[in-house]
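# Understanding the architecture of this molecule
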Amino acid sequence: MNFQAKNMTSIATLELEAALTSTVDDFADSETPKEISGARILLEGLLQEGVDTITTPARYWPQKDQDVIRQWDDPIYATGHLTILRGNLATEGAVAKISGVKNLKVSGPARVFDSEESCLEAILSGRIKSGDVIVIRYEGPKGGSGMREMLAPTSAIIGAGLGDSVALITDGRFSGGTHGMVVGHVAPEAAVGGPIALVEEGDSITIDANAHLMQLNLPDSELKSRREEWKPRPPHYTRGVLAKYARLVTSSSIGAITDETYPM
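Report on the accompanying structure. (Residues numbered from 1 in each chain as written. Predicted model: local features only at pLDDT ≥ 70, side-chain atom pairs only at ≥ 80, totals over all residues. Heavy atoms only, no water.)

Look at helix H3 (residues 116-124) against helix H4 (residues 151-159): their axes get within 9 Å of each other, and the N-to-C directions meet at 10°. The orientation of H3 with respect to H4, classified from their angle, is roughly parallel. In this structure, H3 crosses over H4, and the sense of that crossing is left-handed. Residues Glu116, Cys119, Leu120, Ile123 and Leu124 of H3 form the contact with H4, whose own contacting residues are Leu151, Ala152, Pro153, Ala156 and Ile157. Residues of the contact of H3 with H4, tallied by class, amount to nine nonpolar, no polar and one charged. (Axes fitted to C-alpha atoms, helices over the stretch in contact; angles between N-to-C directions. Helix = DSSP H or I, 4+ residues; strand = E, 2+ residues; numbered from the N terminus. Parallel < 35°, antiparallel > 145°, perpendicular 65-115°, else oblique. Left-handed = near helix turned anticlockwise from the far one by under 90°. Contact = heavy atoms within 4.5 Å. Nonpolar A, V, L, I, M, F, W, Y, C, P; charged D, E, K, R; others polar.)

Right under this line is the structure:
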């Protein structure tokens, strides 16, 4: 089967959904970037490193007389732009975007908000200060419902001149264009009683991207006490598609899928 696609991502998505195996012929009409055989050089690099994800006939392998796509052993950066954090605040994990972040380890007092809108109002009114760790919760797959992107608060942080001096964590999502220490996909989410639901205003939080750590600096006994007192919030929706979604959706740590029998 030949797909007319503009990038490798669409091909990969189709492969996953249709369980198909594609060849480089499928990329023949790709527009990205055709002049240097972008898809083909990526495929060659993967094959050479033993990443057997796709069939690539040797006749399609390109010359290496270009410097747009870097070779496997000569990356632009030693690490990628995303890193996974774990700790007592994200026992199933969280995703931090670290490209361009000046301080990969931050600690500060929690500023806790139970919605994107309440956080945005606090930023715009000047109540967020340098050194704060903003916590936006109940925005995960179940709590949202739907795991909204926290674009407005992260943009407002930049507008307030706080991009390099505050951190933000959320069980929702964030934009790929986000700047600064932003951690999303915190799991388990607040709506199911994840540790992010137990954070209180002023609690000390540490984020250390080098150590892949996100920690609520409280003793286990205090967390246990708070967990015993925690009660789930009423759902935003009780009827309709979003209500059904909230009932079925799983943790963001396994893709926020709605069918646990789906092969992972």
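Checked against the element boundaries, leucine 89 lands in the loop between strand S1 (82-87) and strand S2 (90-97). Counting along the chain gives 127 residues from leucine 89 to leucine 216, while the straight-line C-alpha distance between them is 5.6 Å. Beyond its immediate chain neighbours, meaning those up to four positions away, leucine 89 contacts Ile169, Val186, Pro195, Ile196, Val199, Ile205, Met214, Gln215 and Leu216.

Further remarks concern H4. Those residues of H4 that sit buried are Pro153, Thr154, Ala156 and Ile157. One side of H4 holds all its buried residues, which, seen down the axis, span an arc of 160°. Elements that come into contact with the buried residues of H4 comprise H3, strand S4 (133-136), strand S5 (167-170) and strand S6 (181-187). Once H4 ends, the next one or two residues include glycine 161, with phi positive near 75°. (Buried < 20%, exposed > 50% of the residue type's maximum accessible area, 1.4 Å probe, protein only. Arc of directions from axis to C-beta.)

Take it as geometry only, folks, not as evidence of what the structure does.
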